[in-house]
Amino acid sequence: MRVLSGIQPSGTLHIGNYFAMMRPMIQHQRDHTLFCFIVNYHALTTVSDAEALRRDTVEVALDFLALGLDPDKAVFWVQSDVPEVCELTWILNNQTSVGLLERAHSYKDKLAKGFKPHNGLFSYPVLMAADILIMQANAVPVGKDQKQHLEITRDIAMRFNHHYGETFTIPEPWIDDHTAIVPGIDGQKMSKSYGNTLDIFGDEKVIRKKVMKIVTDPTPLEDPKDPDKCNVFALISLFMDETEKSQLAERYRAGGLGYGEVKKELFARMWEFFAPYRQRRAELAAEKGLVHEILAKGAAKARDYAAPTMEKVRRAVGLNY
Ligand code: ADP
Ligand code: TRP
């Protein structure tokens, strides 16, 4: 089965990205043909600092490799190294109704936030459809926020297949309802754009300081506390097994436990959890040219998968004069 997903290089990756997206993706490389890519064309819809885009593309690649993505098992590349996806986007644009794109939540949210919409933002879902369809992906693991984009992809693919004959595999979204939304230090969803993240490979002092700032309620130290309403509990749970979690929940309910104490434990757990990956990341980063070499090989593999689809598409629509 072909499993595919991408992530934007629009900032530094955080533990919400790790537990919800990166770790499950890395696990899929064992049992499936995994397509994992860094969507820098998509990032252009919000990032206009060229230097930042270049830097973050390489940083995200390093993150994935350090965390266990195996480029020999998976197909791992940077989106813009397979420019055929833009050609497919153009072709798919002609099977995409404007109404469908106008109904996209992510587009409407951006409008509501006051973004001046450009056409890139508007047609973002068509590029995403091209990403998925060009690789004939069967399954696309995504967060709930991407569900509608998958529906748009399916709609475009079905329309195309109906008009031009069977061309694309219709992909299924894989939405893991068990992956809770990871809260940020302010209690909102952890997000690069809210400044409330705990970064996977952040600086020790900065992370410790941020952990100590996690918002908690004003329950006095000696009183019983509700673990299910606590941001610190939600975060530390990510690093615990079920037994440890219920033991900590007991300590909450018993009273006499200070949030500061749990915050210190959270920092220690998180720092230790990512220690081997930090080490690996430093080794990878120190090998000059290695990441670029891995990405170039990944792009060549990705283009080999894209080529037969593009040939079929060009023939189907009559571009093969
Ligand atoms: P961000 O909101 O930080 O910009 P993205 O929108 O780029 O993150 O999301 C990349 C992936 O990480 C998606 O699959 C998304 O569902 C997941 N993700 C991001 N933030 C969280 C979070 N706080 N909790 C769970 N999953 C998240
Ligand atoms: N839109 C996705 C996000 O913001 C990223 C993405 C681009 C993607 N192309 C994709 C995800 C193809 C899955 C499949 O998270």
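Up top is the structure.
Residues numbered from 1 in each chain as written. Chains lettered and ligands numbered in written order. Predicted model: local features only at pLDDT ≥ 70, side-chain atom pairs only at ≥ 80, totals over all residues. Heavy atoms only, no water.

**Structural notes on the overall build of the protein**
Each helix and strand counted, the protein has 15 helices and five strands in total. Against the 2.2 N^0.38 benchmark of 20 Å for 321 residues, the protein shows a C-alpha radius of gyration of 22 Å, consistent with a compact globule. Each of the three principal axes of the protein carries a C-alpha extent, and together these read 80 × 45 × 35 Å. Every one of the 321 residues in the protein was classed for burial, and the buried ones make up 47%. Within the structure as shown, the protein displays about 16200 Å² of accessible surface, and the carbon and sulfur contribution to it stands at 51%. Of note, the protein has its 40 positive side-chain charges centred 3 Å away from the centre of its 42 negative side-chain charges. (Helix = DSSP H or I, 4+ residues; strand = E, 2+ residues; numbered from the N terminus. Rg over C-alpha atoms; globule rule 2.2 N^0.38 Å. Buried < 20%, exposed > 50% of the residue type's maximum accessible area, 1.4 Å probe, protein only. Areas by Shrake-Rupley, 256 points an atom, 1.4 Å probe, with all protein chains shown as cover. Lys, Arg positive; Asp, Glu negative; His and termini not counted. Charge placed at Lys NZ, Arg CZ, Asp CG, Glu CD.)

**Some words on the site of ligand 2**
Ligand 2 sits among 14 residues. The nearest are Gln8, Tyr124, Met128, Asp131 and Gln146. Residue Gln8 places a side-chain N or O atom 3.3 Å away from an oxygen atom belonging to ligand 2. Note that a nitrogen atom of ligand 2 is positioned 3.0 Å from one of the side-chain N or O atoms of Gln146. Protein contact buries 89% of the 360 Å² of open area that ligand 2 shows by itself. Listing elements by their share of the shell around ligand 2, those giving two or more residues are β1 (2-7) and α8 (124-134). Tallied by class, the residues present in the shell around ligand 2 amount to eight nonpolar, five polar and one charged. (Near = heavy atom within 4 Å. Polar contact = N/O pair within 3.5 Å; in protein donor to acceptor, adjacent residues only side chain to side chain. Nonpolar A, V, L, I, M, F, W, Y, C, P; charged D, E, K, R; others polar.)

**Quick notes on the site of ligand 1**
Near ligand 1 you find 15 residues, and of these His14, Val182, Met190, Ser191 and Lys192 are the closest. Interatomic distance of 3.1 Å between a side-chain N/O atom of Asn17 and an oxygen atom of ligand 1. In the environment of ligand 1, an oxygen atom lies 3.4 Å from a nitrogen or oxygen atom belonging to the side chain of Asp145. Taken by itself ligand 1 offers 540 Å² of open surface, and the protein chains cover 85% of this. The element contributing the most residues to the shell around ligand 1 is helix α1 (residues 15-28), with four residues.

**A word on the pairing of β1**
Pairing of β1 with strand β2 (residues 33-38), which is carried by six bridges, proceeds in the parallel orientation. The partner of Gly6 across the bridge, within β2, is Phe37. (Pairing = 2+ DSSP bridges.)

**Re the nonpolar core**
In terms of nonpolar packing, the biggest core is built from 55 residues, with Ile15, Phe64, Leu69, Phe76, Leu198 and Tyr252 touching the most fellow members. By residue number, the principal contributor to this core is α1, which donates seven residues. Two domains each donate at least three residues to this core, and these are domain 1 (2-180 + 288-317) and domain 2 (202-273). Beyond its immediate stretch of four places on either side in the chain, Ile15 contacts Val182, Met190, Leu198, Ile200, Leu235, Leu238, Phe239, Met270 and Phe274. Core analysis: the second largest hydrophobic core is formed by 40 residues, Trp77, Leu92, Val126 and Ile152 among them. (Core = buried A, V, L, I, M, F, W, Y, C linked by side-chain atoms within 4.5 Å. Domains from an automatic or database assignment. Contact = heavy atoms within 4.5 Å.)

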